[in-house]
Amino acid sequence: MSTNYPLPGAFAGRMREQLGPSAGAYFAALERPYLRGLRLNPRKPVPNLRGLVEGIGEPVPWYPAHGRYLSLESGAGADPLHEAGAYYLQEPSAMAPVSVLAPVPGERVLDLCAAPGGKSTQIADALDGKGLLVCNEPVPGRARILSRNLERMGVINALAVSAEPEQLCGLWPDAFDAVLVDAPCSGEGMFRRHPEARAEWSAQSPAGCAARQRRILTCACRMLKPGGRLVYSTCTLNLEENEQTVAWLLENEPGMEAVSFSLTVGDGSLTAPDGTLHLYPHEIRGEGHFVALLRKGMHSGKASTDFLPAASRLQTSPKALLDAYGGFAASLVSGGEALPPANACLGNALIFAPDLPPLDGIRVLRAGLQLGALKGKVFAPDHALAMGLPQSCPFPRLPLSREAALTYQRGGTPAAPEALRGYALATWQGLALGFGKARGGPFKNHYPKGLRRP
C-alpha cells in the first residue's frame, strides 16, 4: 500500500507533531487492512441474516443495535438482500456521528451534506417513521444517489432536496431539533481505505476545506432551533478542519456551546469533555473520523419556520389520480386500508408525506413515500411503494428463491402460480424486491430498468 501511495511528507510530519509518542502506532495502523461495516435496517428485519450473507461479524461498539463489522471478502453488496434494503454498507467509524446526535422519534432533523445517504438512513432508523428527516445534497448527481438510497432503505418520512446551504437557511430559520453537518473535507481519515487519496492531498487542502466548512456551519446554526443539537463531523484528522473550525464557530456564533459526550469503544470509552473527539485507526476499530457536539442556546424574538401539510407545500392531488389509487388499493388489499393514504402530489406522482417546511425555489427530489402515477387511466405503483410498505402489509406476494431473485433484479421474468393475477410483490426472505404483474403464469417484471443488475 505505502509503496504505491506513500504518505505525503507534509502530512506525515504534521501527524508526528500532532500525535507525539503515539504517531508510530498510527502509521502502523495505516498498513493494516481497513475495516468494513454494514448497518442492519430495522424496518426490514431478516431472520438468520448472518446465515444468508457471508462475513457479517460482531456489533460495532458505538452502534451495537444495528451496526456490524463485515469481512473484507464478503459479497454483501452483490446479494439480492442489499438491493431489497435489508442493510446499508457503511464504514464503522461513519456510524459514530449519528450515535452522538442521538435523534429520537418525532423530531425534525436536517442532514445538510447528506449524499450518498449512509448517515441519513441511520437517522431514519432512529426516527422510526415519526417526525421529518430533511436531506440536502447540493451536487445534483450525488443528490440522485441520496434519493435512491432513501428509497431502497424504505424511508417514508424524508424530504430530499438539492440546494446550497445559504438558500436553505434563508427559508428555514430555527426549524430543526437537530442538524448533522458531515462536511466535505480533505479526507485524511480515508488514507487507509482509499490509499489513492494520498496522491490527491496537498498541504493547502485543509485551509480550503476549512473555509467551506465555516460557511456551511454558519448556515446550519441559523436553521437549528433554540436548544437544538448540532453534530459536526469530518473524515479528516487535521486540527484546522476540526478543533479550530469548531473554535471559530463558537467565537462567531455566541449562541452556540460545546457539549461533552463519550463514545463506547470495545470494553471502554473515549470521552470528549470539550465536545470534540478524534477517532484514530490505532485507537478504535475503524477509519479516521472527527465528531463534535454543540448546542444552541435558548433565545427569543427570532422568526421560526412553519411546517404545513404536504399539499400546501407541493401540489394537491387530482381527483382522478386519487380515485385510481383508491381503486388500486381496494383491488389488492381488503378495503385498501393497509396502504398509505395519499395527501399530495410531486410532479405527476401521488405521494404520502409529513408536514413540510417552505420549498420556494428549492429543487425537491423526493418527499415522503412516492405511491405511483397514472398510466393512461390506470394507476401504476411506484417502486418506492414496494420498498416502503411494511412487511406486515397484506399485499399479494410472489416468494422467490435466491437465484430467481437475482434473475428478477436483472430484469428477468420469474414464473408465477396460475392463481396469481394482477400486481404482486416479488420477495426474497420476506423482503419486497419490487413489483410485477401476474397474468396466469408469466410474471411481468416492473423492476426499474435503471436499477437492474448487469
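Structure: above.
What you are looking at is a predicted structure, and each value in this text was computed from that prediction instead of being measured.

### Examining the sheet that holds strand β4 (residues 87-89)
So, step 1. With antiparallel pairing, the 4 strands of this open sheet are ordered in space as β2-β3-β1-β4. Bordering the open sheet on either side are β2 (56-59) and β4, each of which pairs with just one other strand. Direction aside, the axes of adjacent strands within the sheet are offset by 35 degrees on average.
So, step 2. Looking at chain direction, strand β1 (residues 36-40) and strand β3 (residues 67-70) are connected through 4 bridges and run antiparallel. Considered in β3, the bridge of Gly37 is made with Tyr69.

### Section: the packing of aromatic side chains
So, step 1. On inspection of all chains with the given rule, the structure shows 14 aromatic pairs.
So, step 2. Look at Tyr26 and Phe27: their rings are 5.4 Å apart centre to centre, the planes differ by 55 degrees, and that puts the pair in the tilted class. Exposure class is identical for Tyr26 and Phe27. Each is buried.
So, step 3. Ring centres 5.1 Å apart and planes at 50 degrees place the aromatic pair Tyr325 and Phe379 in the tilted group.

### Regarding helix α10 (residues 205-223)
So, step 1. Counted at 1.5 Å a residue, the expected span for α10 with its 19 residues is 27 Å, and the 28 Å between its end C-alpha atoms agrees.
So, step 2. The complete set of buried residues in α10 reads Ser205, Pro206, Cys209, Ala210, Gln213, Ile216, Leu217, Cys219, Ala220, Cys221 and Met223.

### So, the pairing of β3
So, step 1. The side-chain alternation of β3 yields two buried faces, one formed by Gly67 and Tyr69 and the other by Arg68 and Leu70.
So, step 2. In this structure, β2 lies alongside β3, joined through 2 bridges in antiparallel fashion. When the sheet's bridge partners are listed, Pro59 is paired in β3 with Arg68.

### A closer look at unusual backbone geometry
So, step 1. Here Ala115 and Pro116 are connected by a cis peptide whose omega angle stands at 5 degrees.
So, step 2. Assignment of secondary structure puts Pro116 in the loop between β5 (108-111) and α6 (118-127).
So, step 3. Positive phi, normally seen in glycine, also occurs at Asn48, with a value near 55 degrees.
So, step 4. Inspection of the secondary structure puts Asn48 in the loop between β1 and α3 (49-52).

### Considering empty space enclosed by the protein
Empty space among the atoms becomes visible once a probe the size of a water molecule is rolled across them.
So, step 1. Applying the stated rule across the entire model yields 1 cavity of 30 Å³ or more.
So, step 2. There is about 40 Å³ of room inside the largest cavity.
So, step 3. Around the largest cavity sit Leu150, Glu151, Gly154, Val155, Ile156, Arg366, Gly368, Leu369, Gln370, Ala384, Met387 and Gly388, which together line it.
So, step 4. Of all elements in the fold, only α7 (140-152), β18 (369-375) and α14 (383-388) reach the threshold of two or more residues within the lining of the largest cavity.
So, step 5. For the lining of the largest cavity, the element with the most residues is α14, which contributes 3 residues.
So, step 6. The residue inventory of the lining of the largest cavity, partitioned by class, reads 6 nonpolar, 4 polar and 2 charged.

Reading the values: rules and limits
Residues numbered from 1 in each chain as written. Predicted model: local features only at pLDDT ≥ 70, side-chain atom pairs only at ≥ 80, totals over all residues. Heavy atoms only, no water. Pairing = 2+ DSSP bridges. Helix = DSSP H or I, 4+ residues; strand = E, 2+ residues; numbered from the N terminus. Axes fitted to C-alpha atoms, helices over the stretch in contact; angles between N-to-C directions. Phe/Tyr/Trp six-rings, centres within 6.5 Å; stacked < 30°, edge-to-face > 60°. Buried < 20%, exposed > 50% of the residue type's maximum accessible area, 1.4 Å probe, protein only. Expected span 1.5 Å × (residues − 1). 1 Å grid on protein atoms, 1.4 Å probe; cavity = no way out; pocket = protein on both sides within 12 Å on 5 of 7 lines; lining within 4 Å. Points joined across faces, edges and corners; volume = space filled by probe spheres on them. Nonpolar A, V, L, I, M, F, W, Y, C, P; charged D, E, K, R; others polar.

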